[in-house]
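Chain by chain, the residues run as shown.
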Amino acid sequence: MRKYTYTSQNWFAKVTAAVVPGNILTFGLVGVIGVLSHVDSDPRTASAQFLTWLTVLLWCIILPTCFLFSNGRRAWNYLSISALCVWGLFFVLRGLQA
């Protein structure tokens, strides 16, 4: 196995991967947590505020970790597939809850 050296190459592709599919992944994760914890949509409740701030925290975790991918294409692929899986899980859980 070849050892990977971290460089700043492909930084634009990695950042856009964190912004576009990373943001979609973040909203999906928060949606799954909201469905599992039965949070209502009233923004004045503590649980809704928790999910609002959890969105910021999760995205601030995804943004720097996108630089751990070896190239921008791999970042786009993994984050996009993860976002699709999480949103699929969200729709399945929401369908089971109704």
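Quantities reported herein were computed from a predicted structural model and do not represent experimental measurements.

Asker: Just to check I follow, could you spell out the overall build of the protein for this structure?
Answerer: When you go through the protein residue by residue, the secondary structure sums to 3 helices and 0 strands. When the helices and strands of the protein are placed in sequence order, the string is α-α-α. The C-alpha radius of gyration computed for the protein amounts to 16 Å, which surpasses the reference 13 Å derived for 98 residues by more than 25%, pointing to a less compact arrangement than a globule. For the protein, the C-alpha atoms occupy an extent of roughly 45 × 25 × 20 Å along the three principal directions. A buried classification covers 28% of the 98 residues belonging to the protein. When contacts within the protein are restricted to residue pairs at least 6 apart in sequence, those whose partners lie at least 24 apart make up 80%. Accessible surface, the protein as shown: approximately 6900 Å² in total, 69% of it carbon and sulfur.

Asker: Explain the environment of Ile 61 to me, please; I cannot follow it from the model alone.
Answerer: Along the chain, Ile 61 turns up in helix H2 (residues 46-65). With a relative accessible area of 45%, Ile 61 lands in the partly exposed category.

Asker: Would you mind going over the state of the cysteines with me for this structure?
Answerer: Each disulfide consists of a covalent bond between the sulfur atoms of two cysteine residues. This structure, assessed with the given rule, holds 0 disulfides. Cys 66 forms no disulfide, and the closest cysteine sulfur to it belongs to Cys 60, at a distance of 12 Å. In this structure Cys 85 is not part of a disulfide, and its nearest cysteine sulfur, from Cys 66, lies 19 Å away.

Asker: Help me out: how do you make sense of the UniProt feature "transmembrane region" (unreviewed entry) in the protein in this one?
Answerer: In the UniProt entry, the feature "transmembrane region" (unreviewed entry) is given for residues 12-38, 50-69 and 76-96. In residues 12-38, helix accounts for 93% and strand for 0%; the two terminal C-alpha atoms are 38 Å from one another.

Asker: What is the right way to look at the nonpolar core in this model?
Answerer: Generally speaking, soluble globular proteins have nonpolar side chains that are buried together. Membership of the largest hydrophobic core is limited to 11 residues, which are Ala 17, Leu 25, Val 32, Val 35, Ile 62, Phe 69, Ala 75, Leu 79, Ala 83, Val 86 and Phe 90. Residue contributions to this core peak at 5 residues, all from helix H3 (residues 72-97).

Asker: Looking at this structure, I do not really get unusual backbone geometry. What am I missing?
Answerer: Glycine aside, a negative phi is what most residues show, and trans is what most peptide bonds show. You will see that His 38, though not glycine, has its phi angle at about 55°, which is positive. Here His 38 lies in the loop between helix H1 (11-36) and H2. Overall, His 38 belongs to the exposed group, its relative accessible area being 59%.

About the thresholds
Residues numbered from 1 in each chain as written. Predicted model: local features only at pLDDT ≥ 70, side-chain atom pairs only at ≥ 80, totals over all residues. Heavy atoms only, no water. Helix = DSSP H or I, 4+ residues; strand = E, 2+ residues; numbered from the N terminus. Rg over C-alpha atoms; globule rule 2.2 N^0.38 Å. Buried < 20%, exposed > 50% of the residue type's maximum accessible area, 1.4 Å probe, protein only. Contact = heavy atoms within 4.5 Å. Areas by Shrake-Rupley, 256 points an atom, 1.4 Å probe, with all protein chains shown as cover. Disulfide = S-S within 2.5 Å. UniProt positions renumbered as here; feature names shortened; annotations may be inferred. Core = buried A, V, L, I, M, F, W, Y, C linked by side-chain atoms within 4.5 Å.

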